[in-house]
Structures are given as C-alpha cells and as structure tokens.
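# Chain and residue survey
In case you want the letters, here they are:
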Amino acid sequence: MPFREHVTSFTPEQLGVLTTAFYAAMAELSTAGVEISQRDLAKRILDRAAEGIFDVAELKTAALEGLV
C-alpha cells in the first residue's frame, strides 16, 4: 500500500481513493513508458489530498500533470 505511513491521517475511505488514484496513475504511466518513483507519485497525490481533494479522477490528473 503506497500510503501506509499515512494511515492515521486519513479515513479508510480516503485511503481507498488515494490508492485507487495511485494505481490508475501508475498504469497510465506504464502504458506511456514514463518512469517516476512510487514515492514521488504518491507525494503528488498526497499534495492534492492535503487540499481536501478526494476525487479519484482529479487526484490521478494531478499526479500525471507534466508527466504524460
């Protein structure tokens, strides 16, 4: 789980959204042949979640910004 160190910061539902966005972004990056560390990708998602965003599509878009 890419957000295991943040389990006390988010609800289980929020963690589910973060995780879904993470794996969706990873899949798109893989298809595009773009490499980024999992930690950096997770940080991009966490930065957006810190703003109160918990929409999978929006988190994924934010994570991919400038990469694909």
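Look above for the structure.
Below or above, wherever it landed, is the structure these notes cover. In this convention, every chain numbers its residues from 1, walking through the sequence in written order. A pLDDT threshold of at least 70 governs which residues receive local features in this predicted model, and a stricter bar of 80 or more applies before side-chain atom pairs are shown or counted, although totals over entire chains, interfaces and linings include all residues. Computation of side-chain values: all heavy atoms of the structure, hydrogens and water removed.

With axes taken as lines fitted to C-alpha atoms, and helix axes fitted only over the stretch in contact, angles between N-to-C directions fall between 0 and 180 degrees. Helix numbers and strand numbers start at the N terminus; a helix is a DSSP run of H or I with at least 4 residues, a strand a run of E with at least 2. One can describe the packing of helix H1 (residues 12-32) onto helix H2 (residues 38-49) by two numbers: an axis separation of 10 Å at closest approach and a directional angle of 135°. For the element pair H1 / H2, the angle class is oblique. Considering only the axes of H1 and H2, their crossing is right-handed. In this structure, H1 uses Leu 18, Ala 21, Phe 22, Ala 25, Met 26 and Leu 29 to contact H2, whose residues at the interface are Gln 38, Leu 41, Ala 42, Ile 45, Leu 46 and Ala 49. Every angle not falling under 35 degrees, over 145, or within 65 to 115 is termed oblique; those three ranges are roughly parallel, roughly antiparallel and roughly perpendicular. By definition, any crossing whose near helix is turned counterclockwise from its far helix by less than a right angle is left-handed, and any crossing with a clockwise turn is right-handed. In what follows, a contact means two residues having at least one pair of non-hydrogen atoms within 4.5 Å.

Quick look at the pattern of salt bridges now. One speaks of a salt bridge when a side-chain nitrogen belonging to Lys or Arg is within 4 Å of a carboxyl oxygen belonging to Asp or Glu. Under the defined criterion, the tally for this structure stands at 5 salt bridges. A salt bridge links Glu 28 to Lys 60; the nearest nitrogen and oxygen atoms lie 2.8 Å apart. Residue Glu 28 is located in helix H1, and its partner Lys 60 is located in helix H3 (residues 56-64); the two are separated by 32 residues in the primary sequence. Residue class for Lys 60 comes out partly exposed when judged on its relative accessible area of 24%. Salt-bridge contacts for Arg 48 lead to Glu 51; the nearest nitrogen and oxygen are separated by 2.9 Å. Salt bridges here are not isolated pairs; linked through shared partners, they connect Arg 48, Glu 51 and Glu 58. Classification of residues uses two cut-offs on accessible area relative to the type maximum, computed with a 1.4 Å probe and protein chains only: under 20% is buried, over 50% is exposed, and between them is partly exposed.

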